[in-house]
Amino acid sequence: MELTLSGDDLEKIHEGIRARYSKAAGSPEGMFRYPTGRKGLELLGYDPDFLRNLPDEVSASYCGVGNPFFLGPVEKGETVLDIGCGGGVDSLAAAFMTGSEGRVAGVDMTPEMLHRAERNRHLTGFGNVTFLEGSATDLPFPDRSFHVVLSNGVFNLIGDKKAALREVRRVLRPGGRLMIADQVLVGEAPSDKAGRISQWHH
Amino acid sequence: MIQASGFTHVELVSETGFDSSPVTKGVLIRAESPPVYSLRDKGSNMNPLDKYGDFFEGVYADGVLDRKTKHLIALGASLAAGCDP
């Protein structure tokens, strides 16, 4: 069902998301119905070579809903954008794959998550990753910047999904790949708008 | 919605098994940006050029030969013909 959201509605949704994910930036443990941290990474089949050298403090911040790299590898030297990077574990996994010749950028709208991502980058020593504050509907990059755009558990949270997809199209190079792990609705959503907005990030 | 936004090869590949609520399912979705820049992106109504773009996309689409092989053949042909890079 198409839902029309006003600017105020979108702001309410964003506030709810920011509040929930600033808390998750501390530790996501117990906040989600699925396993998070190292257990989540192992169950989802992330590359054991990447996980082996990942400090526990870094893996603990993982709260993704799937493994986007299951959709295909990132090749050496490619440029990658991680939309809604959170604590940045997927960005670091992409940095591991693309190697020192490649570049990875992670954007997130929650400052606490970006601090966590920056700390995680420091703990892992990857020099080919940058974390930036930004919105999925207004990406801070020139046209055709990336070979791969990935996103893990984020698109379901975006109010204006069409605008976000337009932005992804803009920053992807011709033939570039979009790899999404996400949640889709399979049951009934609350029929009233207020209910939908309050349930947005649960 | 992803297809309507101009992506090609949109595919729901599998479920992840990680569901964040009783009414949602974790899924993996893949899509590609069209290989050739289309004038439609600029809101142009220059149909002949649009058609040319579509033709190009069709020629290079994965088929008996994959996209990479086709591009390499085209590159070889252009070098043999002495085209400027």
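Refer to the structure presented above.
The notes below deal with the structure included here. Everything numeric in this text was worked out from a predicted model, so none of it was measured.

Glancing now at the nonpolar core. Residue and element names in this part refer to chain A. Within the largest apolar cluster, 44 residues are counted, with the highest numbers of intra-cluster contacts made by Y46, F50 and F69. Among residues more than four places away in sequence, those in contact with F69 are Y46, V74, D90, A93, A94, M97, L150 and M179. Listed in part, the 24 residues of the second largest apolar core include F146, F155, I158 and L172.

Accessible area lost when the parts come together is the quantity often used to give the size of an interface. Taken together, the contact pairs 37 residues of chain A with 29 residues of chain B. Buried surface at the junction of chain A and chain B, summed over both partners, amounts to about 2,800 Å²; 64% is from carbon and sulfur atoms. At the junction of chain A with chain B, the criterion picks out zero salt bridges. Our count for the chain A to chain B interface comes out at 13 residue pairs in polar contact (both at pLDDT 80 or more). Of all elements in the fold, only α2 (37-43), α7 (161-171) and β5 (172-185) of chain A reach the threshold of two or more residues within the side of chain A that touches chain B. When its residues are assigned to classes, the side of chain A that touches chain B shows 19 nonpolar, nine polar and nine charged.

Looking now at unusual backbone geometry. With the exception of glycine, the majority of residues adopt a negative phi angle, and the majority of peptide bonds are in the trans configuration. Despite not being glycine, A:R144 shows a phi value in the positive range, around 50°. Inspection of the secondary structure puts A:R144 in the loop between β3 (129-133) and β4 (146-152). Of note in the backbone geometry, B:H9 takes a positive phi value of approximately 50° without being a glycine. Locating B:H9 in the fold gives a position in strand β1 (residues 8-15).

Moving on, we get to the pattern of salt bridges. Under the criterion given, the structure shown has nine salt bridges over all chains. Linking A:E78 and A:R177 is a salt bridge whose minimum nitrogen-to-oxygen distance equals 2.7 Å. Of the two residues, A:E78 is situated in the loop between α4 (56-59) and β1 (79-83) and A:R177 in strand β5; the sequence distance between them amounts to 99 residues. Per residue, the accessibility class of A:E78 equals that of A:R177, and both read buried. Here B:D19 and B:K25 are joined by a salt bridge, their closest N and O atoms 3.7 Å apart. Under the relative-accessibility criterion, B:K25 is labelled partly exposed at 28%.

Rules and cut-offs
- Numbers given for residues are sequential positions, taken from 1 along each chain in its written order.
- Working convention: letters from A go to chains and numbers from 1 go to ligands, in the order in which they are written.
- In view of the model being predicted, local features appear only for residues whose pLDDT reaches at least 70, and side-chain atom pairs are presented and counted only at 80 or more, with totals across whole chains, interfaces and linings using the full set of residues.
- Side-chain measures were taken over the full set of non-hydrogen atoms in the model, leaving aside hydrogen atoms and water.
- Nonpolar cores are built from buried Ala, Val, Leu, Ile, Met, Phe, Trp, Tyr and Cys residues. Side-chain atoms within 4.5 Å join them into one set.
- Relative accessible area decides the class of each residue, using a 1.4 Å probe on protein chains only: under 20% of the type maximum gives buried, over 50% gives exposed, and in between gives partly exposed.
- Contact between two residues is taken to exist if any of their heavy atoms lie within 4.5 Å; hydrogens are not considered.
- When two parts are put together, the accessible area they lose, computed with a 1.4 Å probe and summed over both, is reported as buried area.
- A pairing counts as a salt bridge when a side-chain nitrogen of Lys or Arg comes within 4 Å of a carboxyl oxygen of Asp or Glu.
- Nitrogen and oxygen atoms within 3.5 Å of one another constitute a polar contact, given that in protein one can donate a hydrogen and the other can accept it, and given that sequence-neighbouring residues count only through two side-chain atoms.
- Helical segments are the DSSP runs of H or I of at least four residues, strand segments are the runs of E of at least two, and each set is numbered from the N terminus.
- When residues are grouped by polarity, Ala, Val, Leu, Ile, Met, Phe, Trp, Tyr, Cys and Pro land in nonpolar, Asp, Glu, Lys and Arg in charged, and all others, Gly among them, in polar.

That is the geometry; function is a separate question.
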